[in-house]
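Coordinate inspection notes
One-letter residues, chain by chain:
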Amino acid sequence: MQEKLFGKTLEELTTLTENLGLPSYSARQISEWLYKKEVSSIDEMTNLSKKARAQLSASFDLGTSLPVDVTESVDGTKKYLFRAQNEKYIETAYIPEEKRNTVCVSSQVGCKMGCLFCMTGKQGFQGNLTAGEIINQYRSISEWKALTNIVYMGMGEPLDNLTEVLKSLQILTAQWGFALSPRRITVSTIGITPAMLQFLDQSEAHLAVSLHTPFDEERRKLMPVQQVYPLKEVLKEIRSWDFGRQRRVSFEYILFKGFNDSPAHVNELARILQGIRCRINLIRFHPIPDTPLESPNEAAIKRFRDKLIAKGITTTIRASRGQDIWAACGLLSTKKMTQKE
Amino acid sequence: MVAGHNHKLSPVIVDFTEELSDGIYLFGFRRNFDFIAGQVLGIALEENGPRRLYSICSGEDEAHTKILYNVIDEGYLTPRLSDLEAGDTLWITEPRGEFTDNLNPAVWIATGTGIAPFYAMLKSGLGSNKTLIHGNRFLEQFHFYDEFEAVLGENYIRCCSGEHDERVYHGRVTGFLEEEPELDPSLKYYLCGNAEMVVETRDILIQKGVPFHQIISEIYF
């Protein structure tokens, strides 16, 4: 299989063109074709000489790939399936809203974090996506020019694939790349502390942390990561990090009926988040097969939100989208994988 | 690399290293810290090099801290660890982690080198009222068989998927659990292994009536 150009940084393209004996300016020309223009083959890079294009084509493939399937919800949400390695699939969600259009990208094939409430974990872990495979999910959907926001909240734990995720962020935000504002990008993590610190240091994108309960013992039952990277340590590092005026940290909180939705949870959240300028994003739980967890009703979700707001915490409820097309992460690709097996 | 305060690395000298079976290694270094059985260490080959977490595989009071691992060919660290020799320097973090047990009865479930935290617990005096279900592909991979059986007796259950032996359940840990007529929902169930095994096992336990809050998992990240 040929190496892919899409997903290479300017530095990598410079090395590559030097090795091929191409002029020094050709790396920047290639990056413009890859990340600023629309081409479907190396041969369309017309400001490169014919010889250069032939040399490139001999060793490289353009590297973009179209989705193999798309399902559209009645609310306009789309779920794209892209083929990944080993005949597995990754999911990408396109979520149109009144004032913004978001793409939710995957960072791994499957996941090894094993969170109790997550469907992706049931696939096991098949591998990391490359930076090219990550940004291809942004570039290769038909709505890409209308996208305003990118969230790394699809399949996989982004900070378990830190090198490729950082590289993808570099390509998305660099002037020679897609030149997107990092303030339009959010990376979500369950809280792998050392990788989170590296991400904060080497990127300007927003951070979202999956919190789900403020109590250590409860979090251990939901999220095995709590055994080695406890929430209190994650919060301690966030509290001491200078996020500046523009960069945002938010906490994701899936509500589970009778488990993490009590007044005691509100009080403890207010206590542990004291001093952190943040927002809590409440998420409705969409039950997965065989789960012991349930979602509270709408009234209970709103009551929980109002209590947090009364404690001075900015709190929103994430709109549920694409429920008719299995849009929650991991559902569709697991279904597809099961069909194949 | 940016590292939080308790992720800083300190050097240790490797005292011994041994290949226990094909691709499975144990190495040790002199212990100069306290830890709780079940905790992990971050290990790196250089002070600023990539690190990975490994469960400690020795008792709380032993003179040496031991680490059990299997070589992942495509991995970064384990192929290099397998080249270690006595006298080499490694870098470790402080011990950390909350995958710890107590003296209450419980069920331990492990596959492969996921046995390490349970061996640490056994060697720290926590084995007397436990059941251990351990899965491996080959019989030679049950490295601590004698020591577990001496304490747990019939409550040490080996599941071997690749070889037959009359003293061993033939199949995977998940197969064994599926065939169990009932599981005690009042016990704690500790799971350690790869993500797939942990997720599958957890689903089976829940289907068999074990409340999810009784299940504590540690996954190799």
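Residues numbered from 1 in each chain as written. Chains lettered and ligands numbered in written order. Predicted model: local features only at pLDDT ≥ 70, side-chain atom pairs only at ≥ 80, totals over all residues. Heavy atoms only, no water.

Right, let's get into unusual backbone geometry. All names here are of chain A. In this structure, Ala179 is a non-glycine residue whose phi angle is positive, near 55°. If you trace the backbone, Ala179 turns up in the loop between α5 (162–173) and β10 (185–189). Take Ala179: its relative accessible area is 33%, and that puts it in the partly exposed class. At Asp290, a position not held by glycine, the phi torsion is positive, near 65°. On the secondary structure map, Asp290 appears in the loop between β13 (278–284) and α10 (298–310). (Helix = DSSP H or I, 4+ residues; strand = E, 2+ residues; numbered from the N terminus. Buried < 20%, exposed > 50% of the residue type's maximum accessible area, 1.4 Å probe, protein only.)

Listed as interface residues are 32 residues of chain A and, on the opposing side, 31 residues of chain B. Contact between chain A and chain B buries roughly 2,700 Å² in total, counting both sides, with carbon and sulfur atoms accounting for 60%. Taken as a group, Lys221, Gln227 and Val228 of chain A account for 23% of the area that chain A buries against chain B, more than any other trio of residues on that side. Our enumeration of links across chain A and chain B arrives at ten residue pairs in polar contact (both at pLDDT 80 or more). At the level of elements, α6 (193–202), α7 (216–222) and α8 (231–240) of chain A are the ones that each hand at least two residues to the side of chain A that touches chain B. No other element matches the five residues that α6 of chain A contributes to the side of chain A that touches chain B. (Contact = heavy atoms within 4.5 Å. Buried area = accessible area lost by both parts, 1.4 Å probe. Polar contact = N/O pair within 3.5 Å; in protein donor to acceptor, adjacent residues only side chain to side chain.)

Next up on the list: the side chain of Ser31 of chain A. Tracing the backbone through its elements, the reader meets Ser31 of chain A in helix α2 (residues 26–35). Those residues in contact with Ser31 of chain A, other than ones at most four positions away along the chain, are Leu10, Leu13, Lys36 and Trp176 of chain A.

Residue and element names in this part refer to chain A. Annotation of chain A at the domain level lists domain 1 (3–61) and domain 2 (69–340). Here domain 1 and domain 2 have C-alpha centroids that lie 34 Å from each other. Counting the surface lost from both domain 1 and domain 2, the interface buries some 1,100 Å², and carbon and sulfur atoms represent 58% of this. Applying the counting rule to domain 1 against domain 2 returns three salt bridges. (Domains from an automatic or database assignment. Salt bridge = Lys/Arg side-chain N within 4 Å of Asp/Glu carboxyl O.)

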